[in-house]
Amino acid sequence: MNTDRTTGTVQQAPGERHAHWFLRFALASVFLYMGIDKFMGGGVAEFSMMMGLPLVLGSAVALGEVGTGLLILLGGLIASQLGDLATRLAALGMILILLGAIFMVHWGQWHFMATASHPLGGMMFQVTLVMMALYLLAKGNNA
């Protein structure tokens, strides 16, 4: 981004205006996949049992993943304060879901590789996703 010193206007580099879509697509693909996957195979009941969660809470997590994945994309398509709000709400929901995953499953191991003590791997990937969502929470549609 360059500022024209004579007029004070900000000039964007080519493609800079659409760069936020890289973050949106990355987050949405992970959240949509993980949310939809919880409804397939063993379903939400198996996920809930594995996590030691009540079925209602396991269902809320799965629906939250799908909902925030869709909302982060929708927020980018709406060029108004409503789109900005959608982006920020989606990012906040993602952060809450990710913090639950970090503290309930991945805490204690940084590296993402599965080990005997952490069969689902460490928290490196989830922390990276939290940082991406924090950026969108802070910037909204001004990213």
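Higher on the page you've got the structure.
Procedures and definitions
- Residues numbered from 1 in each chain as written.
- Predicted model: local features only at pLDDT ≥ 70, side-chain atom pairs only at ≥ 80, totals over all residues.
- Heavy atoms only, no water.
- Helix = DSSP H or I, 4+ residues; strand = E, 2+ residues; numbered from the N terminus.
- Expected span 1.5 Å × (residues − 1).
- Buried < 20%, exposed > 50% of the residue type's maximum accessible area, 1.4 Å probe, protein only.
- Phe/Tyr/Trp six-rings, centres within 6.5 Å; stacked < 30°, edge-to-face > 60°.
- Lys NZ or Arg CZ within 6 Å of the ring centre and 35° of its normal.
- Axes fitted to C-alpha atoms, helices over the stretch in contact; angles between N-to-C directions.
- Parallel < 35°, antiparallel > 145°, perpendicular 65-115°, else oblique.
- Left-handed = near helix turned anticlockwise from the far one by under 90°.
- Contact = heavy atoms within 4.5 Å.
- Salt bridge = Lys/Arg side-chain N within 4 Å of Asp/Glu carboxyl O.
- Core = buried A, V, L, I, M, F, W, Y, C linked by side-chain atoms within 4.5 Å.

J.: Requested: an account of helix 3 (residues 55–77), with residues and values cited.
T.: Its 23 residues place the ends of helix 3 33 Å apart at the C-alpha level, agreeing with the 33 Å of an ideal helix rising 1.5 Å per residue. Within the sequence span of helix 3, burial applies to Gly-58, Ala-62, Gly-64, Glu-65, Val-66, Thr-68, Gly-69, Ile-72, Leu-73 and Gly-75.

J.: Which residues make up the packing of aromatic side chains, and what are the values?
T.: The relative placement of two aromatic rings is captured by the distance of their centres and the angle of their planes. Summed over all chains, the structure comprises one aromatic pair. The cationic tip of Arg-24 hangs over the ring face of Trp-21; the distance from NZ or CZ to the ring centre is 5.6 Å. Taking the ring centre of Phe-47 as reference, the NZ or CZ of Lys-38 above it sits at 4.7 Å.

J.: Tell me about the packing of helix 2 (residues 43–51) against helix 3, and please be specific about residues and values.
T.: Their axes nearest at 8 Å, the elements helix 2 and helix 3 cross at an angle of 110°. With respect to their mutual orientation, helix 2 and helix 3 come out roughly perpendicular. For the pair helix 2 and helix 3, the sense of crossing is right-handed. Here helix 2 contributes Val-44, Ala-45, Phe-47 and Ser-48 to the contact with helix 3, which in turn contributes Leu-55, Gly-58, Ser-59, Val-61 and Ala-62.

J.: Before we move on, can you summarise helix 2 with the specific residues and values?
T.: Helical geometry note: an α-helix holds 3.6 residues per turn, so side chains three or four residues apart project in the same direction. For helix 2, every residue scored as buried is listed here: Gly-43, Val-44, Phe-47, Ser-48 and Met-51. Gly-52 sits one or two positions beyond helix 2 and adopts a positive phi of about 70°.

J.: How would you summarise the environment of Ala-26 if you had to cite specific residues and measurements?
T.: In this fold, Ala-26 is placed in helix 1 (residues 20–39). C-alpha of Ala-26 to C-alpha of Leu-129: the two residues are 103 residues apart in sequence and 8.7 Å apart in space.

J.: Give a description of the pattern of salt bridges that names residues and reports values.
T.: Scanning all chains against the criterion turns up two salt bridges. Here Lys-38 and Glu-65 are joined by a salt bridge, their closest N and O atoms 3.0 Å apart. Taken together, the positions of Lys-38 in helix 1 and Glu-65 in helix 3 put the pair 27 residues apart, joining distant regions of the chain. Here Lys-38 matches Glu-65 in class, with each residue buried. Its salt-bridge partner being Arg-88, residue Asp-84 comes within 2.8 Å of it at the nearest N-O pair. One end of the pair is Asp-84 and the other is Arg-88, both in helix 4 (residues 81–106) and four residues apart, which spans about a single turn. With a relative accessible area of 18%, Asp-84 lands in the buried category.

J.: Give a detailed account of the nonpolar core, specifying residues and quantitative values.
T.: Membership of the largest hydrophobic core comes to 21 residues, with the highest contact counts inside it found for Leu-27, Ile-72, Leu-73, Met-94 and Ala-133. For this core, the secondary structure elements donating two or more residues are helix 1, helix 3, helix 4 and helix 5 (124–139). When residues in this core are grouped by element, the largest group, seven residues, is from helix 4. What Ala-133 contacts, discounting residues up to four positions off in sequence, is Leu-27, Ala-91, Met-94 and Ile-95.

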